[in-house]
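# Residue-level structure breakdown
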Amino acid sequence: MTVADAEIVVEVTGPVATVVIHHPARRNAMTPAMWRQLPPLLDELEADPAVRALVLTGAGDTFCAGADLGDLDELLAAGDGSIAVAAEERLAGFAKPTIAAIRGACVGGGCQLAAACDLRVAADDARFGVPPARLGLVYPAPTTRRLARLIGPSAAKYLLFTAELIDAERALRIGLVDEVLPEQRLAARVQEITASIAQRSPLSVAAAKEIVDDRAAPSRIAWWHRKALESGEAREGISAVRDRRTPAFAWAPPPADD
């Protein structure tokens with residue numbers, strides 16, 4: 001993919017897809033074209049059986065400074081039906097594990113995307129903020145509720161009411177991020193996490209994600225238990241433990257209508 005000034009760049013290395021927010025002239029702010037680009041890219045990566053995990057990050061030393069304010073009218077007019085909310089919801093619904101690797105500013109739309117990931121690992125220089133009250137905006141309801149579920153109502157209200165930036169250590173304390181480490185260790189740590197995920201049963205991971213996210217009805221949970229037996233994943237995992245070897249998990253997600 002040719003890198004334009006404002007572009008979502010995708011690189012797949014082994015079982016890991018890295019999605020890079022690339023708009024260096026505006027601290028990786030998301031333009032309407034970038035919001036629109038994200039869902040179909042996620043569709044492609046979700047359908048790729050070789051991809052076991054996805055990393056979302058920003059180009060250079062910034063994660064994402066939010067939505068490009070020069071194109072704000074389009075987002076405001078759509079409200080909860082905006083392209084930004086659609087991209088966030090698609091990321092949240094991605095069937096495979098997602099990790100936000102965060103450096104520098106993670107503000108507004110950037111925080112929106114990071115919160116939609118399963119895990120967030122931050123460098124110690126990261127800064128987080130939710131600025132709609134500074135701009136006279138109403139944050140989308142799905143985004144606001146996701147933030148409150150992640151960090152609790154009080155912490156969410158603090159960020160929304162004050163529009164203040166918080167540092168990585170405070171983000172860790174309130175549960176906005178899962179780990180904070182020196183910037184030079186960030187890439188290696190994310191690689192460690194994705195390598196660990198790639199070694200696990202994709203069936204177990206996919207089932208866990210659906211259940212934790214409360215997207216699995218009782219019939220779907222029963223389907224997962226049945227597939228664990230029918231697919232041989234459970235037998236392979238138990239056999240590998242007994243034989244003291246690395247399991248060779250082979251299950252792949254069925255088509256969406258299975």
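A few points on the structure. (Residues numbered from 1 in each chain as written. Predicted model: local features only at pLDDT ≥ 70, side-chain atom pairs only at ≥ 80, totals over all residues. Heavy atoms only, no water.)

### Let's talk about the overall build of the chain
Where we set the bar: Put simply, DSSP H or I for four residues or longer makes a helix, DSSP E for two residues or longer makes a strand, and each gets a number counted from the N terminus. The reference for a compact globule is 2.2 Å times residues^0.38; the radius of gyration itself is calculated from the C-alpha atoms. Accessible area is worked out with a 1.4 Å probe on protein chains only. A residue is then buried under 20% of its type maximum, exposed over 50%, and partly exposed in between. Working rule for contacts: check all heavy atoms of both residues, and any pair within 4.5 Å makes them a contact.
Each helix and strand counted, the chain has 12 helices and nine strands in total. Against the compact-globule benchmark of 18 Å for 258 residues, the chain has a radius of gyration of 19 Å, which places it among compact chains. C-alpha atoms of the chain, sized along the principal axes, occupy 60 × 40 × 40 Å. Among the 258 residues that make up the chain, the fraction classed as buried is 47%. For the chain, restricting intrachain contacts to residue pairs at least 6 apart in sequence, the fraction spanning at least 24 positions comes to 68%.

### Remarks on the sheet that holds strand β5 (residues 105-107)
Note the following rule: Here the rule is simple: two strands pair whenever DSSP picks up at least two bridges between them.
A sheet is described by the order of its strands in space; here three strands give the open sequence β5-β7-β8, paired in mixed fashion. Two strands close off the open sheet at either side, each with one partner strand: β5 and β8 (166-167). Where strand β7 (residues 127-129) lies against β8, two bridges are found, and the strand directions are antiparallel. The residue of β8 that forms the bridge with Arg127 is Asp167.

### Things to note about the nonpolar core
Test applied: Nonpolar cores are built from buried Ala, Val, Leu, Ile, Met, Phe, Trp, Tyr and Cys residues. Side-chain atoms within 4.5 Å join them into one set.
Counting 45 residues, the largest nonpolar core has Ile21, Leu56, Phe63, Ile102 and Phe128 as its most contacted members. It is helix α1 (residues 32-47) that provides the largest number of residues to this core, a total of six residues. Excluding residues within four positions of it along the chain, Ile102 makes contact with Phe63, Ala114, Arg120, Val121, Ala122, Ala123, Ala126, Phe128, Val177 and Leu186. Counting residues in each nonpolar core, the second largest holds 12 residues, with Ala53, Val55, Ala123 and Leu186 among its members.

### Observations concerning the packing of aromatic side chains
Inclusion rule: Planes of paired rings set the category: under 30 degrees apart is stacked, over 60 is edge-to-face and the rest tilted, where pairs are Phe, Tyr or Trp rings (Trp by its six-membered ring) whose centres lie within 6.5 Å. We call a charge positioned above a ring when the Lys NZ or Arg CZ atom is no farther than 6 Å from the ring centre and deviates by at most 35 degrees from the ring normal.
Considering all chains together, one arrives at two aromatic pairs under this definition. Considering the side-chain rings of Trp223 and Trp224, the 4.9 Å spacing of their centres and the 80° angle between planes classify their relative orientation as edge-to-face. Each member of the pair, Trp223 as well as Trp224, is classed as buried. Through a chain of ring-to-ring contacts, the aromatic side chains of Trp223, Trp224 and Trp251 assemble into a single cluster. The ring centre of Trp223 lies 4.3 Å from the NZ or CZ of Arg220, which sits over that ring.

### Let's talk about the pattern of salt bridges
This is how it is decided: Any carboxyl oxygen of Asp or Glu that lies within 4 Å of a side-chain nitrogen of Lys or Arg is treated as forming a salt bridge with it.
The full count for this structure, using the stated rule, is 15 salt bridges. Ionic pairing is found between Arg185 and Glu192, a salt bridge with its closest N-O pair at 3.7 Å. Judged by its relative accessible area of 34%, Arg185 falls in the partly exposed class. When the shortest N-O distance is used, the salt bridge between Arg215 and Asp213 registers 3.8 Å.

### Observations concerning a negative patch on the surface
Note the threshold: Patch membership requires more than 30% relative accessible area and the absence of a salt bridge. Residues of like charge join within 9 Å; the nonpolar side chains Val, Leu, Ile, Met, Phe, Trp and Tyr join within 5 Å. Using a 1.4 Å probe, the Shrake-Rupley method yields the accessible areas, and only the shown protein chains count as cover for residues. We score Asp and Glu as negative and Lys and Arg as positive, and we do not count His or the chain ends. By convention, the charge on Lys lies at NZ, on Arg at CZ, on Asp at CG and on Glu at CD.
On the surface, Asp61, Asp124, Asp125, Asp167 and Glu169 cluster together to form a negatively charged patch. Take Asp61: it is sitting in the loop between β3 (53-58) and α2 (72-78). Overall, Asp61 belongs to the exposed group, its relative accessible area being 56%.

### Side note on the pairing of strand β6 (residues 119-123)
Two faces make up the sheet, and in a regular strand the side chains alternate between them. Within β6, four of the five residues are buried, which leaves the element mostly enclosed by the surrounding structure. The sheet contact formed by β6 and strand β9 (residues 179-181) spans three bridges and is parallel. Paired with Val121 across the strands is Glu179, a residue of β9.

### Points about unusual backbone geometry
Phi angles above zero are rare outside glycine, and Asn28 is one such case at about 60°. Inspection of the secondary structure puts Asn28 in the loop between β2 (16-22) and α1. Not every positive phi belongs to a glycine, and Arg244 is a case in point at roughly 55°. Within the secondary structure layout, Arg244 lies in the segment after α12 (233-243).

### A word on the packing of helix α6 (residues 141-151) against helix α7 (residues 153-162)
As a reminder of what qualifies: The angle between two axes is taken between their N-to-C directions and runs from 0 to 180 degrees, where each axis is a line fitted to C-alpha atoms and a helix contributes only its stretch in contact. Here roughly perpendicular refers to angles of 65 to 115 degrees, roughly parallel to angles under 35, roughly antiparallel to angles over 145, and oblique to all remaining angles. By definition, any crossing whose near helix is turned counterclockwise from its far helix by less than a right angle is left-handed, and any crossing with a clockwise turn is right-handed. Throughout, the ten residues Ala, Val, Leu, Ile, Met, Phe, Trp, Tyr, Cys and Pro are labelled nonpolar, Asp, Glu, Lys and Arg are labelled charged, and all others, Gly among them, are labelled polar.
Interaxial distance between α6 and α7 falls to 7 Å at its minimum, and their mutual angle equals 130°. When the axis of α6 is compared with that of α7, the two are oblique. Remark: the crossing between α6 and α7 carries right-handed chirality. On the side of α6, the interface is formed by Thr144, Leu147, Ala148 and Ile151, while α7 contributes Pro153, Ala155, Ala156, Leu159 and Leu160. Of the residues assigned to the contact of α6 with α7, the class counts are eight nonpolar, one polar and no charged.

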